[in-house]
Amino acid sequence: MIIQLQDKFVQQEKLESVSTDMSNQQFIISGFKQKLVHTRLKISLLKIAIKCYRNPLDWLNALHYLVKLRRRFLGDNKLHKLVYAGGKYYMGLYTPGWNSKVYQNFISSQLHDFKPVKQKVNRFNSVFIAITKKCALRCEHCYEWENLNKKEVLTTEKLNEIVRKIQDKGVSQIQFLGGEPLIKINTLLQVLKQAVKTTDFWVVTSGFKLTANNAKQLKEAGLTGVIISLDHFIPEKHNTFRGFKDAYFWVEEAVKNAIKNNLVTALSLCVTKEFISEKNLTAYMNLAKELKVSFVQFIEPKAVGHYAGKDVLLKQYHILILEDFFLKMNFNSAYNSYPIITYHEYYQRRQGCFGGGLKGMYVDTDGDINACPFCPKKTGNVLDDSFEENLNLLKLNGCKDYKIKTN
Ligand code: SF4
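None of the values given here were measured: they were computed from a predicted structure.

Q: Could you give an account of the overall build of the chain, with specific residues and numbers?
A: Per the secondary structure count, the chain includes 13 helices and twelve strands. Taken along the three principal axes of its C-alpha coordinates, the chain extends 60 × 50 × 45 Å. Looking at the 407 residues of the chain, the share that counts as buried comes to 56%. When the 58 basic and 38 acidic side-chain charges of the chain are each reduced to a single mean position, those positions are 6 Å apart.

Dropping the structure here:
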């Protein structure tokens, strides 16, 4: 019955999206529709557990493990909304769309931590790969500030090799960043085309050069989504933060072109001390909703790159405002029509960090591995024969700020 209703709903959505504008192919679902999809999603988790284990007791314990894992990140807050895009449903920016093969493999890989599973699992959840040092912007918080616009080290061939080596280990999601990755659109397209489609691919961009044609080509090459940086709802303030007079113009262009080409679309906000207030956050989310993006990502400033040596770390009262706002937007049904917020530091403070070589890492513009873009400490190169040892060392050092919690 539930499945029939669900299918009917999806059919209806498809008809609506065909008969109206293309941009309608990406939207947020909530209420009864969301509950139906969520129920079906839970059934699919049981199916994955059955595939992973022979013993029925393990199936139940596996489901219990997944519930516990989710609770560690989000407590008892219940899911109220999902994003529908390109035929899949997304719970968060870092979880593959349900019910793709990538999603199923992502879940089996999490279950492997509960008890080893029969099939091959992914070594990584998310890996960031910086494909270029080139950038036209001069952002206040740039994490690659010391390397910007220096001579390139990674050729297209080397990038292909890096992606291949990481995919060989198994990875659910790769995010390409830079510099500005879209300055190297041809490289990006070639890398996407040669990659195996067992991973969701995303681009993290200022929006610069995300023209309609580039968005179309990226979608055709297999890109899942884009994360576009927008650091203020007032155009002039965003332009100042980004050190580029056309920065806001490109954000609007990029969002429009990404949605039109059915790329899952997110905005990313560096939540500075100066910005944080209920009023500003609300104005930002109103704009995000108006632009019809699916996700908003909060990133707390770190004293690295262009911010090195500066007093940018948030105080406890800033964090309290942000966390309350995050919970309200995501879990209070009055805000169901707003984009879903992803707030890494919220999860990290509760669960620890999955970066640092554990389930994620950052490959910089030299091909060197680091804990994450904001914890730069080169720990060997992906292209080294000793990649595995480098990786073990990275994992051993882990994240310096957020230690993994096990209970
Ligand atoms: S943060 Fe990104 S967009 Fe801004 S200057 Fe650095 S690389 Fe360029």
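Q: Give me the lowdown on the site of the ligand, citing residues and values where you can.
A: All residues adjacent to the ligand are Cys135, Leu137, Cys139, Cys142, Leu148, Gly179 and Arg242. Looking at side-chain class alone, the shell around the ligand contains five nonpolar, one polar and one charged residues.

Q: Describe the packing of aromatic side chains, with residues and values.
A: All told, the structure shown has 23 aromatic pairs when counted by the stated rule. With centroids separated by 6.1 Å and ring planes inclined at 70 degrees, the aromatic side chains of phenylalanine 73 and tyrosine 347 adopt a geometry described as edge-to-face. In this pair, phenylalanine 73 is assigned in helix H3 (residues 56-74) and tyrosine 347 in helix H12 (residues 344-351), connecting sequence segments 274 residues apart. Given the relative accessible area of 17%, tyrosine 347 is considered buried. Clustering of aromatic rings is evident, with ring pairs tying together Phe73, Phe298, Phe326, Phe331, Tyr343, Tyr346, Tyr347 and Phe354.

Q: Residue-level account of the sheet that holds strand E6 (residues 200-205), with values.
A: Taken in spatial order, the nine strands line up as E10-E9-E8-E7-E6-E5-E4-E11-E12 in an open sheet, and their pairing is mixed. A strand with exactly one partner marks an edge of an open sheet, and here the two such strands are strand E10 (340-343) and strand E12 (369-370). Bridge count for strand E5 (residues 171-177) against E6 is four bridges, and the pairing is parallel. Among the inter-strand pairings, phenylalanine 176 is bridged to a residue of E6, identified as valine 203.

Q: Would you mind going over unusual backbone geometry in detail, with residue names and values included?
A: Between tryptophan 98 and the following residue, asparagine 99, the backbone shows a cis peptide bond with an omega angle of 5 degrees. Position of asparagine 99 among the secondary structure elements: in the loop between strand E3 (88-90) and helix H4 (101-114). For the bond running from glycine 178 to glycine 179, omega is 25 degrees, close enough to zero to count as cis. The residue glycine 179 is located in the loop between E5 and helix H6 (185-194) in this model. At lysine 209, a residue that is not glycine, the phi angle is positive and equals roughly 80 degrees. For lysine 209, the position within the fold is in the loop between E6 and helix H7 (212-221). Classification of lysine 209 as partly exposed rests on a relative accessible area of 37%.

Q: I'd like to hear about the sheet that holds strand E2 (residues 81-85), residue by residue, with values.
A: The three strands lie next to each other as E1-E2-E3, forming an open sheet whose pairing is antiparallel. Of all the strands in the sheet, just strand E1 (26-30) and E3 have a single pairing partner and so form its edges. Pairs of neighbouring strands in the sheet enclose a mean axial angle of 35 degrees, with direction left out of account. Two elements, E1 and E2, share five bridges in a ladder whose sense is antiparallel. Along E2, the bridge assignment pairs isoleucine 29 with leucine 82.

Q: Break down the domain arrangement of the chain for me, citing the residues and quoting the values.
A: When the domains of the chain are assigned, the result is domain 1 (2-114) and domain 2 (124-397). Each partner contributes to the interface: domain 1 provides 31 residues, whereas domain 2 provides 45 residues. Both faces considered, domain 1 and domain 2 share a buried interface measuring about 3,100 Å² in area, 58% of it formed by carbon and sulfur atoms. Contact with domain 2 buries surface across domain 1, with Lys81, Leu93 and Tyr94 losing the most and accounting together for 26% of the total. The interface formed by domain 1 and domain 2 includes one salt bridge. Across the pair lysine 359 and aspartate 113 runs a salt bridge, and its minimum N-O distance is 2.9 Å. It is H4 that provides the largest number of residues to the side of domain 1 that touches domain 2, a total of five residues. Of the residues in the side of domain 1 that touches domain 2, the class split is 14 nonpolar, twelve polar and five charged.

Q: Talk me through the packing of helix H5 (residues 156-169) against H6; I want residue IDs and the actual numbers.
A: Helices that pack against each other are described as a pair by the angle of their axes relative to one another and the distance between those axes. Put simply, H5 and H6 touch, their axes get as near as 10 Å, and they point 35 degrees apart. For the pair H5 and H6, the sense of crossing is right-handed. Facing H5, whose interface residues are Thr156, Leu159, Asn160 and Val163, H6 presents Thr187, Gln190, Val191 and Gln194. Of the residues contributing to the contact of H5 with H6, the split by class is three nonpolar, five polar and no charged.

About the criteria used
- Residues numbered from 1 in each chain as written.
- Predicted model: local features only at pLDDT ≥ 70, side-chain atom pairs only at ≥ 80, totals over all residues.
- Heavy atoms only, no water.
- Helix = DSSP H or I, 4+ residues; strand = E, 2+ residues; numbered from the N terminus.
- Buried < 20%, exposed > 50% of the residue type's maximum accessible area, 1.4 Å probe, protein only.
- Lys, Arg positive; Asp, Glu negative; His and termini not counted.
- Charge placed at Lys NZ, Arg CZ, Asp CG, Glu CD.
- Near = heavy atom within 4 Å.
- Nonpolar A, V, L, I, M, F, W, Y, C, P; charged D, E, K, R; others polar.
- Phe/Tyr/Trp six-rings, centres within 6.5 Å; stacked < 30°, edge-to-face > 60°.
- Pairing = 2+ DSSP bridges.
- Axes fitted to C-alpha atoms, helices over the stretch in contact; angles between N-to-C directions.
- Domains from an automatic or database assignment.
- Contact = heavy atoms within 4.5 Å.
- Buried area = accessible area lost by both parts, 1.4 Å probe.
- Salt bridge = Lys/Arg side-chain N within 4 Å of Asp/Glu carboxyl O.
- Left-handed = near helix turned anticlockwise from the far one by under 90°.

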